[in-house]
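# Secondary and tertiary structure notes
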Amino acid sequence: MIRTATLALVLLAYLVPNAPAQTREEKVRNDKKRIEAEGKWIYNDVPKAFLEAKNSGKPIIAVLRCLPCEECVKLDDDLIDADDRIKPLLQKFVLLRIVAANGLDLSLFQFDTDQSFAVFFFRADGTIYGRFGTRSHQKNWVGDVSVDGLARAMEGTLALHEDFAQVKASLAGKGGPAPKYTSPELFPDLKNKYTAKLNYEGNVVRSCIHCHQIGDAAREEIFSRKELLPDLLLFPYPHPKSLGLILDPKERATIQTVEKETVGEKSGFLAKDRIVSLNGQPLLSMADVQWVLHHTPATGAKVQAKIMRDGRPMELTLKLEPGWRQNDSISWRPSSWVLRRKALGGIYAVDLPAEERAKLKPTPGKMAFLIQHVGEYAPHDVAFKAGLRKNDILIGFAGRTDFTRETDLLAYSLREKKAGDVVSLDIIRNEASRTIPFKLP
């Protein structure tokens, strides 16, 4: 994904002998010093960026990067270090760098909050040209984003900006509905804990609202009302691969492969098709595809697609049946740790490795999860106190044995069970079967 030479330089910076490791606090402070000293990027000042865009006539590229988060691949290192392809494109934009969600205008910045690197392309009047930044793995971005893909999105933005009068109407759907809370620190779960600005006078890391905390706070408000999570919060921003469409991360929205017997195949998509628009919205990236899918009802709908195939324009229809969103995986998401506490008492279950399944010989199609982690500290210790342990093999939950993905297990518990319900967990430990009851938190 990242050019080898650039990656080598990034790694070299971390591997220099005797170089003291930076704390997260130092990384945040040093990032601010470095970017402000270079003078290329506007740092954490959204109004200033929009004013400059108005005065210069340039579009804005806003890079939202939760700096304390170290778990994701740092694609922005390539962006900030001015990759050979990115560098000339950056000169055509107003550059805005945002490193925390504190005070973030949620009417303007709406995105998949489980991303800790997200790019927005704006016009000075607030029109959104598109988004960039996708992840479908906890730590690995390969297959989702690339420097080439970012360059293609930037080129597409410049084309839309140049042709704004003609494309203005098609961009109307790029913005979402007015949010209930206009900024993250106003959510009940975050209020009185955080402020609208980072605290550079004190502990700046502790003062930071991480992107995923926005989604966590929205879900916590639903839980506090003892309501079921809507699909929009349980299965947000569905990845196109959940429809069988594997997109090329080096292009805007071009299909690499179409998986057999999937929605994508049944809808007529083929490899090498370039998706020009969905429901009339022009696409700059995979994140733009997800934006359209995110706002498609879970009850099913038809999504109109305009494509280019072998140089010829065509129209196709994605036919989404009720429940289509649950085909996506949520297990990789940082927010899933809160869901595991709510739904499973703090256990993290992964597919049982093939060699272990061969030894176990479970019935085909039946669940067999390896419990890879069990929380031992409150409030994630409910399953541990009930007797669950790491390396147990989970083969049944509340009498059900048909869950083949942790995602489906989480969804079932969150939707069909409520706090205080006593459920049984059937496990295998040291080749012996046992059943352990525990009360859902």
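For the structure given in this document, a descriptive report is provided here. Here the structure is a predicted model, which is why all the values come from computation and not from measurement.

Right, let's get into the overall build of the protein. Of the regular secondary structure elements, the protein holds 15 helices and 16 strands. Dimensions of the protein, computed from the C-alpha atoms along their principal axes, are close to 70 × 55 × 45 Å. Split into buried and exposed, the 441 residues of the protein put 52% on the buried side. When contacts within the protein are restricted to residue pairs at least 6 apart in sequence, long-range pairs at least 24 apart make up 68% of them.

Attention now goes to the pairing of strand S16 (residues 432-439). Regular strands place their side chains on alternate faces of the sheet. Two strands pair when backbone bridges link them, and strand S15 (residues 422-429) and S16 are joined in this way by 8 bridges, in the antiparallel orientation. Paired with leucine 425 across the two strands is isoleucine 436, which belongs to S16. In this antiparallel pair of consecutive strands, S15 and S16, the connection spans 2 residues, and asparagine 430 shows a positive phi of 55 degrees.

With that out of the way, let us pick up the sheet that holds strand S9 (residues 281-282). Sheet architecture is open: 4 strands sit in the order S9-S8-S10-S11, paired in antiparallel fashion. Two strands close off the open sheet at either side, each with one partner strand: S9 and strand S11 (312-320). Judged from the 9 bridges that link them, strand S10 (residues 301-309) and S11 form a sheet pairing that is antiparallel. The residue of S11 that forms the bridge with lysine 302 is lysine 319.

Another aspect to go through is the nonpolar core. In terms of nonpolar packing, the biggest core is built from 36 residues, with Ile61, Val119, Phe121, Phe132 and Met154 touching the most fellow members. If you list the elements that add at least two residues to this core, you get helix H2 (24-38), strand S2 (60-65), helix H5 (86-90), strand S4 (117-122), strand S5 (128-132), helix H6 (147-162) and helix H7 (164-167). Looking at which element gives the most residues to this core, the answer is H6, with 7 residues. Counting residues in each nonpolar core, the second largest holds 31 residues, with Phe369, Tyr412, Ile427 and Phe438 among its members.

As a further point, take the environment of asparagine 391. Turning to its location among the elements, asparagine 391 is positioned in the loop between helix H14 (382-386) and strand S14 (393-397). Setting aside residues up to four positions removed in sequence, asparagine 391 forms contacts with Leu370 and Ile371.

Between two packed helices, the angle of one axis relative to the other and the distance separating the axes together describe the packing. It is at 9 Å that the axes of helix H12 (residues 336-344) and helix H15 (residues 406-416) come closest, and there the two elements cross at 55 degrees. The angle between H12 and H15 falls in the class oblique. Of the two elements, H12 crosses H15, and the hand of that crossing is left-handed. Listed contacts from H15 to Leu339, Arg340, Lys342, Ala343 and Leu344 of H12 are Glu406, Leu409, Leu410, Ser413 and Leu414. Among the residues making up the contact of H12 with H15, the classes are represented as 6 nonpolar, 1 polar and 3 charged.

Remark: helix H8 (residues 211-224) packs on H12, axes separated minimally by 10 Å, with the N-to-C direction vectors making an angle of 20 degrees. Looking at the two axes, H8 sits roughly parallel to H12. Crossing of H8 over H12 shows right-handed handedness. Across the interface between the two elements, Asp216, Arg219, Glu220 and Phe223 from H8 touch Val338, Leu339, Arg341 and Lys342 from H12. Partitioned by chemical class, the residues of the contact of H8 with H12 number 3 nonpolar, no polar and 5 charged.

Okay, helix H3 (residues 46-56) next. Of the positions making up H3, those classed as buried are Ala49, Phe50 and Ala53. For H3, the buried positions fall inside an angular range of 95 degrees around the axis, keeping them on one side. Exposed residues lying more than 90 degrees from the buried face of H3 are Pro47, Lys54 and Asn55. Each element contacted by the buried residues of H3 is listed here: strand S1 (42-43), S2, strand S3 (94-98) and S4. The distance from a side-chain oxygen at the start of H3 to the backbone nitrogen of lysine 48 is 3.1 Å, and the residue carrying that oxygen is aspartate 45. After H3 finishes, the residue glycine 57 shows a positive phi value of roughly 80 degrees.

What follows is about the sheet that holds S15. Reading across from one edge, S12-S13-S14-S15-S16 is the order of the 5 strands in this open sheet, with antiparallel pairing throughout. Only two strands of the sheet have a single partner each, and these edge strands are strand S12 (347-351) and S16. Between one strand axis and the next, the sheet turns through 40 degrees on average, direction left out of account. Most of the contacts of H12 go to S12, to which it runs at about 100 degrees, and overall it touches S12, strand S13 (369-374), S14 and S16. Strands S12, S13 and S14 of the sheet are contacted by H15, whose axis makes an angle of about 40 degrees with S14.

Looking now at the pattern of salt bridges. Here the structure, examined in full by the defined rule, presents 28 salt bridges. Here aspartate 125 ties to arginine 123 by a salt bridge, and the two come within 3.3 Å at their closest N and O atoms. Owing to a relative accessible area of 24%, arginine 123 belongs among the partly exposed residues under this scheme. Here arginine 405 ties to aspartate 408 by a salt bridge, and the two come within 2.9 Å at their closest N and O atoms. We classify aspartate 408 as buried; its relative accessible area is 17%.

In this structure the tally under the stated criterion is 13 aromatic pairs. Plain terms: the ring middles of phenylalanine 109 and phenylalanine 120 are 4.9 Å apart, the flat faces sit at 80 degrees to each other, and that makes the pair edge-to-face. Here phenylalanine 120 lies in strand S4 and phenylalanine 109 lies in the loop between S3 and S4, a separation of 11 residues in the sequence. Residue classification places phenylalanine 120 among the buried positions, given a relative accessible area of 0%. One Lys or Arg, arginine 131, reaches over the ring of tryptophan 291 and ends 3.7 Å from the middle of that ring. It is arginine 389 that lies over the ring of phenylalanine 384; its NZ or CZ is 3.9 Å from the centre.

How each quantity is defined
Residues numbered from 1 in each chain as written. Predicted model: local features only at pLDDT ≥ 70, side-chain atom pairs only at ≥ 80, totals over all residues. Heavy atoms only, no water. Helix = DSSP H or I, 4+ residues; strand = E, 2+ residues; numbered from the N terminus. Buried < 20%, exposed > 50% of the residue type's maximum accessible area, 1.4 Å probe, protein only. Contact = heavy atoms within 4.5 Å. Pairing = 2+ DSSP bridges. Core = buried A, V, L, I, M, F, W, Y, C linked by side-chain atoms within 4.5 Å. Axes fitted to C-alpha atoms, helices over the stretch in contact; angles between N-to-C directions. Parallel < 35°, antiparallel > 145°, perpendicular 65-115°, else oblique. Left-handed = near helix turned anticlockwise from the far one by under 90°. Nonpolar A, V, L, I, M, F, W, Y, C, P; charged D, E, K, R; others polar. Arc of directions from axis to C-beta. Polar contact = N/O pair within 3.5 Å; in protein donor to acceptor, adjacent residues only side chain to side chain. Salt bridge = Lys/Arg side-chain N within 4 Å of Asp/Glu carboxyl O. Phe/Tyr/Trp six-rings, centres within 6.5 Å; stacked < 30°, edge-to-face > 60°. Lys NZ or Arg CZ within 6 Å of the ring centre and 35° of its normal.

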